[in-house]
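For reference, the chains in residue letters:
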Amino acid sequence: MNNPSDCQTADQPAVDPASVPVFAFDNSYARLPEQFYARVLPTPVSEPGLLRLNRPLAEQLGLDPAALSNPAGAAIFAGNLIPEGAEPIAMAYAGHQYAQFVPSLGDGRAILLGELIDRDGVRRDIHLKGAGRTPFSRMGDGRAVLGPVLREYLLGEAMAALGIPTTRALAMVATGEEVYRERIEIGALLVRVAAGHVRVGTFEYFARRGNSEAVKTLADYVIQRQYPDCAEAEQPYQALLEQVVKRQAELIAQWMLVGFIHGVMNTDNVAISGETIDYGPCAFMDTFHPQTVYSSIDRYGRYAWDQQPSIGYWNLTQLANCLLPLLGDDADGAKQTARAALDHYGKAFETRYYGGLRTKIGLLDARTGDDELALDLLGRMAAQQADFTNTFRALSEVDAEDPATDAKVRALFADPAAFDQWALQWRERLATQTQPDCERQATMRAVNPAYIPRNHRVQQAIDAANHGDLAPLDRLLEVVSKPFEEHPECAAYQQPPGPDEVVERTFCGT
Ligand code: AMP
Ligand code: MG
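This structure is a prediction, so every number in the text was calculated from the model and none was measured.

> Is there a simple way to think about the packing of helix α4 (residues 146-161) against helix α17 (residues 471-481) in this case?
Working note: a packed helix pair is described by the angle between its axes plus the distance between those axes. At a minimum axis distance of 8 Å, the contact between α4 and α17 shows a crossing angle of 20°. Compared by their axis directions, α4 and α17 come out roughly parallel. The crossing of α4 and α17 is right-handed. Residue-level contacts link Leu-150, Tyr-153, Leu-154, Glu-157, Ala-158 and Ala-161 of α4 to Leu-473, Leu-476, Leu-477, Val-480 and Ser-481 of α17. Looking at the contact of α4 with α17 residue by residue, the class counts come to 9 nonpolar, 1 polar and 1 charged.

Here is the structure:
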């Protein structure tokens, strides 16, 4: 699938070579057999303009932020200039979308420029999302638009600041071109950084074609790159499946604990690295309700908040199916091995989720009845339309011995008596802890964010950006980049949306 004729080549404009940022590319995916990708150059855009650069991330990647801020930096990020050492490719993958198998998806609008080794020795992909058509574009235009690019930038950075594994945003650039969606939109690209772009769907692409050799090559690749310990295991592929299962379980538990709803947990959006990937119609919940859905296309709530753990398991089952040929020569034995690896999911999820819930309510060790106590609170929050983030944050501030300090948290419940009843049991439990109360509060404040990128704020930042104003984005980015540090002047960012600000649905924005 080399340089297909329908893909344009990037023009190399005359730029002063001294001003071109240097990327120390060290590419590994492009060394895999040609069936894993298509070599394709980004399609140049008319007017590249750097909108935002993530300077700390650039430095972490060994890049020079000053050089990236030059026009040559924007030209590289827009795909107009191919830096030395880059080997642009569109990765092949398949995927189950809403449980329907699609045998060929692939990077239809994203191009992997190359890989860098960051300051911690981690190999990271530099990926241009919105770089033009590829052989996987099908009917699509290969482009991305400002709103969804901004959403992905913001939510990825917020997720990272919350300490949850995620792809990152290195830069956001404008293309100077119009893109046709439901209406005319502003063209943009996201420069995405990931510890790896191999997805469950990448394995499915080869497994469904009966290409066990390629499945093995891919498994060996991810073991070497992301799971080196598995190479030492007696059964490396079984160990790999176990590790991926555990990481995914822990990732989803962490989403649940901050009220995050991914929105499109299709297998092509599940990264083997265990990073959150492909921020589409995703959102953090305001009012807690377990069945909350934001995606406009998720009509039956398949990817609702409370469905995420079981969907995660379903997705991993698809991965396990792909790996069967590597798990043993005898089919029954391979299935048993796969099942045993998948069995790690429940334990890994529960340990992380219930451990996280306990900390969220300030329990510093685990006792019988703690899980029920936490679930009881969630049940009351849902029944009383309490704000997810603010309830846990406000709970972090109350005094274990003084119910008079409960005013703020009580007020979040439609019927505050529902909280009072729960708080009686909670205080009884807190009384069994020997640590000073300030320690319990500090522990809670370190896991219960004061700020999340609330959906209405994200929407306001998008609306303003569409009118040329990036100031709301910058303010929101600053606030969510330090989510656990409360500042009185940022109080407005803790507020849930007013009735006229509620965003009920978010769109894929493809
Ligand atoms: P996503 O919804 O972004 O996860 O994308 C699902 C699939 O559709 C992937 O194969 C994408 O590459 C492809 N896709 C999404 N939007 C476009 C577009 N505008 N042009 C070409 N392919 C696209
Ligand atoms: Mg995707």
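> What is the right way to read the pattern of salt bridges from this model?
Any two side chains of opposite charge can pair if their charged atoms end up close together. By the definition in use, this model includes 31 salt bridges. Close ionic contact of Glu-115 with Arg-123 constitutes a salt bridge, the shortest N to O distance being 2.8 Å. Across the pair Arg-393 and Glu-486 runs a salt bridge, and its minimum N-O distance is 2.9 Å. Linking Arg-393 in helix α12 (residues 388-397) with Glu-486 in the segment after α17, this pair joins segments that are 93 residues apart in sequence. Owing to a relative accessible area of 4%, Arg-393 belongs among the buried residues under this scheme.

> Can you walk me through the site of ligand 1 in this structure?
Looking at ligand 1, there are 17 residues lining it, with Gly-106, Gly-108, Arg-109, Asp-141 and Gly-142 nearest. Take Gly-108: an N or O atom from its main chain is 2.7 Å from an oxygen atom of ligand 1. At 3.2 Å from a nitrogen atom of ligand 1 is found a side-chain nitrogen or oxygen belonging to Arg-109. Starting from 480 Å² of accessible surface for ligand 1 in isolation, the protein chains cover 85%. For the shell around ligand 1, the class distribution of residues is 2 nonpolar, 8 polar and 7 charged.

> Help me understand the coordination of the magnesium ion (ligand 2), please; the structure alone is not making it clear to me.
Each protein donor to the magnesium ion (ligand 2) is listed here as Asn-269 (OD1) and Asp-278 (OD); together their distances run 2.0 to 2.2 Å. According to the relative accessible area criterion, Asn-269 is buried, its value standing at 11%. Since its relative accessible area comes to 12%, Asp-278 is described here as buried.

> Can you help me understand the nonpolar core in this one?
What tends to happen in soluble globular proteins is that the nonpolar side chains get buried as a cluster. Counting residues in hydrophobic clusters, the biggest one holds 157 residues, and the most contacted among them are Tyr-29, Phe-77, Leu-170, Phe-203, Tyr-353 and Ile-361. For this core, the element with the highest residue contribution is helix α7 (residues 236-257), accounting for 13 residues.

> Where do I start with the pairing of strand β10 (residues 184-194) in this structure?
Note on strand geometry: in a regular strand, side chains alternate between the two faces of the sheet. When you tally the buried positions in β10, you get 9 out of 11 residues, the bulk of the element. In terms of strand pairing, strand β7 (residues 123-129) meets β10 through 5 bridges, oriented antiparallel. Across the sheet, His-127 pairs through a bridge with Arg-192, a residue of β10. One ladder, built from 2 bridges, connects strand β8 (residues 144-145) with β10; its direction is antiparallel. When the bridges of β10 are listed, Val-145 appears paired with Gly-187. In this sheet, β10 lies alongside strand β9 (residues 168-180) in antiparallel orientation, the contact comprising 9 bridges. Directly across from Glu-178, in β10, lies its bridge partner Ile-186. In sequence, β9 turns back onto β10 through a hairpin of 3 residues.

> So what exactly am I meant to see when it comes to the packing of helix α10 (residues 344-360) against helix α11 (residues 370-383) here?
The contact between α10 and α11 brings their axes to 9 Å, and the two run at 75°. When the axis of α10 is compared with that of α11, the two are roughly perpendicular. Contacts from Tyr-353, Tyr-354, Leu-357 and Arg-358 of α10 reach α11 at Asp-370, Asp-371, Ala-374, Leu-375 and Leu-378.

> Would you explain the domain arrangement of the protein chain in this entry?
By a frequent convention, interface size equals the accessible area lost on bringing the separate parts together. Along its sequence, the protein chain is organised into domain 1 (4-197), domain 2 (229-354) and domain 3 (362-510). Averaged C-alpha coordinates put domain 2 and domain 3 at centres separated by 26 Å. Contact with domain 2, which involves 22 residues of that partner, is made by 22 residues of domain 3. Summing both sides of the interface, domain 2 and domain 3 together bury roughly 1800 Å²; the carbon and sulfur share of this comes to 63%. At the surface where domain 2 touches domain 3, the tally comes to 1 salt bridge. For Asp-286, the salt bridge is made with Arg-454, and the minimal N-O distance between the two is 2.7 Å. At the boundary of domain 2 with domain 3, the tally comes to 4 residue pairs in polar contact (both at pLDDT 80 or more). Broken down by secondary-structure element, the contributors of at least two residues to the side of domain 2 that touches domain 3 are α7, β12 (283-284) and α10. Residues of the side of domain 2 that touches domain 3, tallied by class, amount to 16 nonpolar, 5 polar and 1 charged.

Reading the values: the criteria
Residues numbered from 1 in each chain as written. Chains lettered and ligands numbered in written order. Predicted model: local features only at pLDDT ≥ 70, side-chain atom pairs only at ≥ 80, totals over all residues. Heavy atoms only, no water. Axes fitted to C-alpha atoms, helices over the stretch in contact; angles between N-to-C directions. Helix = DSSP H or I, 4+ residues; strand = E, 2+ residues; numbered from the N terminus. Parallel < 35°, antiparallel > 145°, perpendicular 65-115°, else oblique. Left-handed = near helix turned anticlockwise from the far one by under 90°. Contact = heavy atoms within 4.5 Å. Nonpolar A, V, L, I, M, F, W, Y, C, P; charged D, E, K, R; others polar. Salt bridge = Lys/Arg side-chain N within 4 Å of Asp/Glu carboxyl O. Buried < 20%, exposed > 50% of the residue type's maximum accessible area, 1.4 Å probe, protein only. Near = heavy atom within 4 Å. Polar contact = N/O pair within 3.5 Å; in protein donor to acceptor, adjacent residues only side chain to side chain. Areas by Shrake-Rupley, 256 points an atom, 1.4 Å probe, with all protein chains shown as cover. Donors = N, O, S within 2.8 Å, 3.2 Å for Na, K, Ca; no water. Core = buried A, V, L, I, M, F, W, Y, C linked by side-chain atoms within 4.5 Å. Pairing = 2+ DSSP bridges. Domains from an automatic or database assignment. Buried area = accessible area lost by both parts, 1.4 Å probe.

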